[in-house]
Amino acid sequence: MVHIAFLMDPIASVNLKKDSTLAMIRAALRRGWRVSYLKQRDLAWKDDRPTAVLRDLALDDGFLDDLDPARAGADWYRLGEPAEADPETVDVLMMRKDPPFDMEYIYTTYLLERIEARGTVVVNAPGSLRDCNEKFFATEFTDCIPPLMVSKRPDQLLAFHSEHGDVVYKPLDGMGGTDIFRVRRDDPNLHVVIESLTRLGQRRIMAQKYIPEIEDGDKRILLIDGEPVDYALARIPMPGELRGNLAAGGTGVGRPLTDRDRFIASRVGPELKRRGLLFAGIDVIGDYLTEINVTCPTCIRELDAQFSLDIASMLMDKVEARLAQR
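Summary of the structure given here. (Residues numbered from 1 in each chain as written. Predicted model: local features only at pLDDT ≥ 70, side-chain atom pairs only at ≥ 80, totals over all residues. Heavy atoms only, no water.)

1. Observations concerning the state of the cysteines
For the structure shown, the criterion picks out 0 disulfides. Looking at C132, it has no disulfide partner, and the nearest cysteine sulfur is the one in C144, 16 Å off. (Disulfide = S-S within 2.5 Å.)

Here you go:
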């Protein structure tokens, strides 16, 4: 029997309607796999090896059947007693901890690398989680990205605005649409936005030319082992809002991939595969790649519901293939 563990945020806090990790847990349980649960605090190093405190995880039968939140009672999941275990007894460890991407997250990737070195398949590869900043990583594909700058020098960021006139400024470590500002020409807040985001020139940020097609949605395209799912979730901003993120109130509308979407996926996919990023989500606005999400990509549930897909099972197929290769 395959033993798979999910390192994630507290399970009691997940969104029953939208959480993608729940879809993965369900897909594993439906295959008859043993599923365990742990949080960041449950990983440690002791003497000459990593250790983990694991708890077996099961879902209520009704919820397991179709993940319908209406069928999820107060006891929709069951956890076994915590037990310290050797991570080598785990075949697959899914890293599904949401950002913030802070030093604690980095320390966790160090421990995951030690577990990976002992034969456990870790998804996504911890070294690549650490190396591939979700905003800066996109700069590797210069034929796919809009005009942009990464800097902490106010003079350079001001010059970029002078050149393009309508610019989006954002931190490199943000998530869910937080701290994203659009600054139009002659906007009196230009200097204060740059000062605030760079912390008076002490932190690098990204400046990106505004893409008007954001009104039609910020498309999330999921890639499994470098290959795109055939449909994207266009996250449409609320009226008067810049951000399409679902966490910022955007509405998710499924759409088939365009030729341009497939071109961008074909450029990014092989590099994701090379780096061991088995499950990723790229963000596309208009004709441009804007981000590559590798830490904890979402939108499985929305696409499944709109197109009768089972993306988590597609992912578990690739996980099984990785196990066979091991």
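The rest of the description comes next.
2. Focus: the packing of helix 5 (residues 154-164) against helix 6 (residues 190-198)
Packing of helix 5 against helix 6 leaves a shortest axis separation of 11 Å and a crossing angle of 135°. The pairing of helix 5 with helix 6 is recorded here as oblique in orientation. Every pair of crossing elements has a handedness; the one defined by helix 5 and helix 6 is right-handed. Each of P154, L157, L158 and H161 in helix 5 lies in contact with helix 6, whose residues at this interface are L190, H191, I194 and T198. Broken down by class, the residue content of the contact of helix 5 with helix 6 amounts to 5 nonpolar, 3 polar and no charged. (Axes fitted to C-alpha atoms, helices over the stretch in contact; angles between N-to-C directions. Helix = DSSP H or I, 4+ residues; strand = E, 2+ residues; numbered from the N terminus. Parallel < 35°, antiparallel > 145°, perpendicular 65-115°, else oblique. Left-handed = near helix turned anticlockwise from the far one by under 90°. Contact = heavy atoms within 4.5 Å. Nonpolar A, V, L, I, M, F, W, Y, C, P; charged D, E, K, R; others polar.)

3. Topic: the sheet that holds strand 12 (residues 205-209)
Taken in spatial order, the 4 strands of this open sheet run 9-12-10-11, and their pairing is antiparallel. In this open sheet, the two edge strands, each paired with only one partner strand, are strand 9 (148-151) and strand 11 (181-183). Direction aside, the axes of adjacent strands within the sheet are offset by 20° on average. Alignment of strand 10 (residues 167-171) against strand 11, held across 3 bridges, turns out to be antiparallel. Each bridged residue has a counterpart across the sheet, and for V167 the counterpart in strand 11 is V183. Each of strand 10, strand 11 and strand 12 touches helix 6; the most contacted strand, strand 10, lies at about 20° to it. (Pairing = 2+ DSSP bridges.)

4. Quick look at the pattern of salt bridges
This model, assessed by the stated rule, comprises 28 salt bridges. Here R220 makes a salt bridge to D283, at a shortest N to O gap of 2.6 Å. On the criterion of sequence distance, the pair formed by R220 in strand 13 (residues 218-224) and D283 in strand 17 (residues 279-285) is long-range, its members being 63 residues apart. Neither residue differs from the other here; R220 and D283 are each classed as buried. One salt-bridge network, in which partners are shared between bridges, spans D48, R49, D86, E88 and R118. (Salt bridge = Lys/Arg side-chain N within 4 Å of Asp/Glu carboxyl O. Buried < 20%, exposed > 50% of the residue type's maximum accessible area, 1.4 Å probe, protein only.)

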